[in-house]
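The chain contents come next:
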Amino acid sequence: MAAATRGCRPWGSLLGLLGLVSAAAAAWDLTSLHCHFGTFCECDFQPDFQGLECDLAQHLAGQHLARALVVKALKAFVQDPAPTKPLVLSLHGWTGTGKSYVSSLIAHYLFRGGLRSPHVHHFSPVIHFPHASHMERYKKDLKSWVQGNLTACSRSLFLFDEMDKLDPGLMEVLQPFLGSSWVVFGTNYRKAIFMFISNTGGEQINQVALEAWRSRRDREEIRLQELEPVISQALLDNPHRFGAPGCHTTSLSPPQTLLALPLPADGFWRSGIMEEHLLDVVVPFLPLQRHHVRHCVLNELAQLGLEPREEVVQAVLDSTTFFPEEEQLFSSNGCKTVASRIAFFL
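Residues numbered from 1 in each chain as written. Predicted model: local features only at pLDDT ≥ 70, side-chain atom pairs only at ≥ 80, totals over all residues. Heavy atoms only, no water.

1. Considering the overall build of the protein
Alright, step 1. Within the protein, the secondary structure is distributed over 13 helices and 11 strands.
Alright, step 2. Buried positions account for 53% of the 346 residues belonging to the protein.
Alright, step 3. Within the protein, contacts between residues separated by at least 24 positions form 79% of all contacts whose residues are at least 6 apart in sequence.
Alright, step 4. Just so you have it, the protein exposes about 15700 Å², and 55% of that area is on carbon and sulfur atoms. (Helix = DSSP H or I, 4+ residues; strand = E, 2+ residues; numbered from the N terminus. Buried < 20%, exposed > 50% of the residue type's maximum accessible area, 1.4 Å probe, protein only. Contact = heavy atoms within 4.5 Å. Areas by Shrake-Rupley, 256 points an atom, 1.4 Å probe, with all protein chains shown as cover.)

2. Focus: the side chain of H119
Alright, step 1. Looking at where H119 falls in the secondary structure, it is placed in the loop between α4 (99-110) and β4 (120-123).
Alright, step 2. Other than its neighbours up to four places away in sequence, H119 contacts C43, D44, F111, C153, R155, S156 and L157.

3. Details of the nonpolar core
Alright, step 1. L74, L142, L157, F160, F194 and F196 are the most contacted members of the largest nonpolar core, which has 77 residues in total.
Alright, step 2. Discounting chain neighbours no more than four positions away, the residues touching F160 are F123, L142, L174, F194, M195, F196 and I197.
Alright, step 3. If you look at the next biggest cluster of nonpolar residues, it comprises 13 residues, including A61, V297, V313 and L317. (Core = buried A, V, L, I, M, F, W, Y, C linked by side-chain atoms within 4.5 Å.)

4. Side note on the packing of aromatic side chains
Alright, step 1. The full count for this structure, using the stated rule, is eight aromatic pairs.
Alright, step 2. Centre to centre, the rings of F123 and F160 are 4.8 Å apart; their planes meet at 15 degrees, and the pair counts as stacked. A residue pair is termed long-range when its members are at least 10 positions apart, and F123 in strand β4 and F160 in strand β5 (residues 157-160) qualify at 37 residues.
Alright, step 3. A relative accessible area of 2% means that F123 is categorised as buried.
Alright, step 4. Ring plane angle 65 degrees and centroid distance 5.6 Å describe the contact between F129 and Y138, whose orientation is recorded as edge-to-face. (Phe/Tyr/Trp six-rings, centres within 6.5 Å; stacked < 30°, edge-to-face > 60°.)

5. Focus: the sheet that holds β4
Alright, step 1. Pairing within the open sheet is parallel, and its five strands lie in the order β4-β5-β6-β3-β9. Each edge of the open sheet is held by one strand with a lone partner, namely β4 and β9 (281-285). Between one strand and the next, the sheet's axes are offset by a mean angle of 15 degrees, whatever the strand orientation.
Alright, step 2. Where β5 lies against strand β6 (residues 193-198), four bridges are found, and the strand directions are parallel. Across the sheet, residue L159 finds its bridge partner in β6, namely M195.
Alright, step 3. Along the sheet, helix α6 (residues 135-152) contacts β4, β5 and β6; its crossing angle with β5, the most-contacted strand, is approximately 155 degrees. (Pairing = 2+ DSSP bridges. Axes fitted to C-alpha atoms, helices over the stretch in contact; angles between N-to-C directions.)

Structural data, given as structure tokens:
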């Protein structure tokens, strides 16, 4: 995927994940005090929906549902002067289909500082919560961090990557912040946005897309009503050990998913978030076909300031693995490895 742009103009590469520190009190400066007591303060929250729609249309390949759902949900939430609860988005799909890219665009077009904004908080289980033996400390730190930063600025964005690897105990910490009854002194925490990114449901989404293709249905005819139930069921059924003996796998699993990978049960499954209907919008990301990968290659070449070169495009496509084995229809890594493959073939 190409880098995020404001007004669809290049702006450079995104920064990495923000580090999780333990003392939320550091946010208490004059600006945060103004946010705390000011009726109309939005911190550096400056939504640019025109720019977001433009960037999604130009650079997000093959995701008509995600593009429409994200923009509609954000517009409705931001335009509501008194939301009853925070906005909770859950992004689902196979690797490389654009979930992290969309989350970075949302941060960029909602906050003046993008991912660098002090009000955008990005968490990864592997980076921020790596040791199961430290889980109690992580839970205390996470609660303190979320509550402290919501107190500093109600317009905060919390991004949680790789939800399928997040310990359910951490989701239990977040659960009270996602509803309508939690009280954070002196701020309307209901203006916050929580975004969860997960591969869970990816195989089921792939199955729906494959059946549509076999039925000669246009990809854009796939509707949320077809995907939402299978994603919800995947969240409820997610096993402790994906691909382990006795677990169901199909030809719609790219080759690497056939390995027995020890993963915790999905955080949604154990936390009660599903049962209490705290997810506002489930956003499915469809698997990418060959022409979508081509689109990504051309976007990346343009981002590098290079003219389209058919030999490079074809080399990237030829080096990409597609599945299922018979149809060779979907890219096993989406567009995730496009940038590195282009560098190899230039």
